[in-house]
Amino acid sequence: MRRNIVHSGADALIYEIRQIVALAKQIEAMGVPITWENIGDPIQKGESIPTWMKDIVSGLVNQNKSWAYTATQGDETTRKFLAQKVNERGGAQITSEDILFFNGLGDAVAKIFGFMRREARILGPSPAYSTLSSAEAAHSGYEHLTYELNPNNDWMPDLEDIENKVKYNDSIAGILLINPDNPTGAVYPKEIMREIVKICEKYDIILICDETYAHVNYSEWGSIHLSEVIGDKVCGFALRSISKEFPWPGARCGWLEVFNRKNDPTFERYIKSLLDAKMLEVCSTTLPQLSIPLVYSHPEFLNHLKFRNQKFKKRAEKATQMLSGIPGVKVIQPKGAFYLTVLFEDNVLKSHMTLPIPNEKVKNFVAPLMDKAALDRRFVLHLLASAGICVVPLSSFCCSRNGFRVTLLEEDEAKFEWIYQTLADNMKKYLAS
């Protein structure tokens, strides 16, 4: 073509969580049954939606209004309801005008970075969640800027690392938190979050918190929302969703809760640009928005959350126990979300390590993929080809450490035990090879 139409950040659009599926599908077609542990879809892994929740959605489908456009910013009744829920926490106070709906948080993230000035950088965690890190890198055209989550401190953010990077890089316009964290399952206490707010205030930058798993939280201290700690000076917003907590991932329904937008005219103009961009699409999907007040207000909803949190806590404890004690492997028990990150200690993985791959066709297929693969990806490919378990390498989460992410979602208890026993057995075999 006479003009190059490819965006400078195109190569940063990598989502290994989904991309590994194509590889696994080819291996599956060669005769290896696949156990899908790559993506956080509770429904795919066997979770049943409560009847009362289905009844609410069914009732809305029978109402004509659920088939119509809604307001660009989101259904007004739902936005008022959510603003009230935020204000009941007793922290930063907002109105319905501070709520903005999107077609899932993937849509929100695309807008957040797509309409941010290219020179403005957002500092995010490492390991990073791919949707956020890839979008930030793509918008800037450079590698995503990260701060360390410390596995020797329950994957807590390294506050000194954060401040040093903010202090010495004036292109950083904001800090990103994921709480509870994906992929580590860490849950940040109020004290940590307040320290990050102080850094934002000191250097006059925004704070973004992905709260997708805010109510999938089985830590001792429970959910700490951004609104509870941000105060009245720092500008920022929380990303919320029903995908994981109803759960309804197929609804593609997420929203922003914006705090202190009037404090800075630049931030206010930026938030307006997100709404203006949404106007070009008319609005986000109506049906799931209408369901939110009805589901959140239902007398069974809190019991529903409690039951799920107890379930995930039990699985996190069991999985951690089954993978603990393997020389060269470190596992920190998750406290939220529904993932577990397995970490290989430094210099443990070697390029000569292997697992037996009995299927010759599969063996020949994956062999050339090993040549340039990161060390943890080599293990993931061997695991996939040998045992048929599809996990995601930690190096795909914008991380220099070796490891992998696996889910805690399998509903069949016997299969859950098989997955983690097979992981333990194969890690031992691989490291001994």
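Computed from a prediction, not measured in an experiment: that's the story for all the values here.

**Student:** Would you mind showing me how to read the overall build of the chain here?
**Tutor:** If you tally the helices and strands in the chain, you get 13 helices and 14 strands. Computed over C-alpha atoms, the radius of gyration of the chain comes to 22 Å, within 12% of the 22 Å expected from 2.2 N^0.38 for 433 residues, which places it in the range of a compact globule. Projecting the C-alpha coordinates of the chain onto the three principal axes gives extents of approximately 60 × 55 × 55 Å. The buried share of the chain, reckoned over its 433 residues, is 57%. Restricting to contacts in the chain with at least 6 residues of sequence separation, those with at least 24 account for 73%. For the chain, the computed accessible surface area is about 18,900 Å², with 51% contributed by carbon and sulfur atoms. In the chain, 50 side chains carry a positive charge and 52 a negative one; their mean positions are 3 Å apart.

**Student:** Is there a simple way to explain unusual backbone geometry in this structure?
**Tutor:** Trans peptide bonds make up most of the peptide bonds, and negative phi angles are found at most residues other than glycine. The amide bond that connects Asn179 to the next residue, Pro180, takes the cis arrangement and shows omega of -5°. Position of Pro180 among the secondary structure elements: in the loop between strand E6 (172–178) and helix H7 (190–203). Not every positive phi belongs to a glycine, and Asp154 is a case in point at roughly 55°. Tracing the sequence through the fold places Asp154 in the loop between strand E4 (146–150) and strand E5 (156–157). On the basis of relative accessible area, Asp154 is assigned to the partly exposed category, the value being 40%. Phi is positive for Asn347, close to 65°, though the residue is something other than glycine. Mapping Asn347 onto the fold places it in the loop between strand E11 (339–344) and helix H11 (360–370). Among the residues examined, Asn347 registers a relative accessible area of 68% and is labelled exposed.

**Student:** I'm lost on the sheet that holds strand E10 (residues 329–331) in this one. Help?
**Tutor:** Sheet strands associate in pairs through backbone hydrogen bonding, adopting either a parallel or an antiparallel arrangement. Overall, antiparallel pairing links the four strands, which are arranged E10-E11-E14-E13 in an open sheet. Two strands lie at the open edges of the sheet, namely E10 and strand E13 (392–393), each paired on one side alone. Sheet topology note: the E13/strand E14 (residues 402–407) ladder contains two bridges and is antiparallel. Note on E14: the bridge partner recorded for Val392 is Arg405. Sheet contacts for helix H10 (residues 301–323): E10 and E11; angle to E11, the most-contacted strand, approximately 20°. Taken strand by strand, helix H12 (residues 375–387) contacts E11, E13 and E14, and its axis lies near 45° from that of E14.

**Student:** Please clarify how the packing of aromatic side chains should be interpreted in this entry.
**Tutor:** How two aromatic rings sit relative to each other is set out by the distance from centre to centre and by the angle between their planes. Evaluation of the coordinates by the stated rule reveals 15 aromatic pairs. A ring pair is formed by Phe246 and Phe301, whose centres lie 6.4 Å apart and whose planes are at 70°; its orientation type is edge-to-face. Of this pair, Phe246 sits in the loop between strand E8 (236–241) and strand E9 (254–259) while Phe301 is found in helix H10, placing the two residues 55 residues apart along the sequence. The exposure class assigned to Phe246 is buried, which follows from its relative accessible area of 1%. The exposure class assigned to Phe301 is buried, which follows from its relative accessible area of 3%. When the ring of Phe312 is compared with that of Phe338, the centres are 5.2 Å apart and the planes differ by 50°; the resulting orientation is tilted. Taken together, the residues span a long stretch of sequence, with Phe312 in helix H10 and Phe338 in the loop between E10 and E11 at a distance of 26 residues. Judged by relative accessible area, which is 0%, Phe338 ranks as buried. Members of the aromatic cluster, joined through ring pairs, are Phe81, Phe246, Tyr296 and Phe301. Directly above the ring of Phe312 sits Lys311, whose terminal nitrogen or CZ lies 5.2 Å from the centroid.

**Student:** What's the story with the packing of helix H6 (residues 159–168) against H7 in this structure? I'm lost.
**Tutor:** Helix packing geometry: the angle between the two helix axes and the distance between the axes. Running from N to C, H6 and H7 point in directions that differ by 10°, and their axes come no closer than 11 Å. When the axes of H6 and H7 are compared, the pair comes out roughly parallel. Relative to H7, the crossing made by H6 is right-handed. Touching Leu159, Ile162, Glu163, Val166 and Lys167 of H6 are Ile192, Glu195, Ile196, Ile199, Lys202 and Tyr203, all from H7. Residue composition of the contact of H6 with H7, by class: seven nonpolar, no polar and four charged.

Calculation criteria
Note on numbering: residues in each chain are counted from 1, in written sequence order. For this predicted model, a pLDDT threshold of at least 70 governs which residues receive local features, and a threshold of 80 or more governs which side-chain atom pairs are given and counted, while totals over whole chains, interfaces and linings are taken from all residues. Excluded from the side-chain calculations are hydrogens and water; all other atoms, namely the structure's heavy atoms, are used. In this text, helices come from DSSP runs of H or I with a minimum length of four residues, and strands from runs of E with a minimum of two, each type numbered from the N-terminal end. The globule rule used here is 2.2 Å times the number of residues to the 0.38 power, and the radius of gyration it is set against is calculated over C-alpha atoms. Partly exposed residues are those whose accessible area sits between 20% and 50% of the maximum for their type, while under 20% is buried and over 50% is exposed, using a 1.4 Å probe and protein chains only. The criterion used for residue contact is that any of the two residues' heavy atoms lie within 4.5 Å. Accessible surface is estimated by sampling points in the Shrake-Rupley manner with a 1.4 Å probe; for residues, cover comes only from the protein chains shown. Under the counting rule used here, the positive set is Lys and Arg, the negative set is Asp and Glu, and His together with the chain ends is not counted. Note that the charge is assigned to NZ on lysines, CZ on arginines, CG on aspartates and CD on glutamates. For two strands to be treated as a pair, DSSP must find no fewer than two bridges joining them. Axes here mean lines fitted to C-alpha atoms, for a helix over just the part in contact, with angles spanning 0 to 180 degrees between N-to-C directions. Stacked, tilted and edge-to-face are the three classes applied to pairs of Phe, Tyr and Trp rings, where Trp contributes its six-membered ring and a pair requires centres within 6.5 Å; stacked means planes under 30 degrees apart, edge-to-face means over 60, and tilted covers the rest. A ring is considered to have a charge above it if a Lys NZ or an Arg CZ atom is located within 6 Å of its centre and within 35 degrees of its normal. Our angle categories are set so that under 35 degrees counts as roughly parallel, over 145 as roughly antiparallel, 65 to 115 as roughly perpendicular, and the remainder as oblique. It is the rotation of the near helix from the far one that decides the hand of a crossing: anticlockwise by less than a right angle makes it left-handed, clockwise makes it right-handed. Polar here means any residue outside two lists: the nonpolar Ala, Val, Leu, Ile, Met, Phe, Trp, Tyr, Cys and Pro, and the charged Asp, Glu, Lys and Arg; Gly therefore counts as polar.

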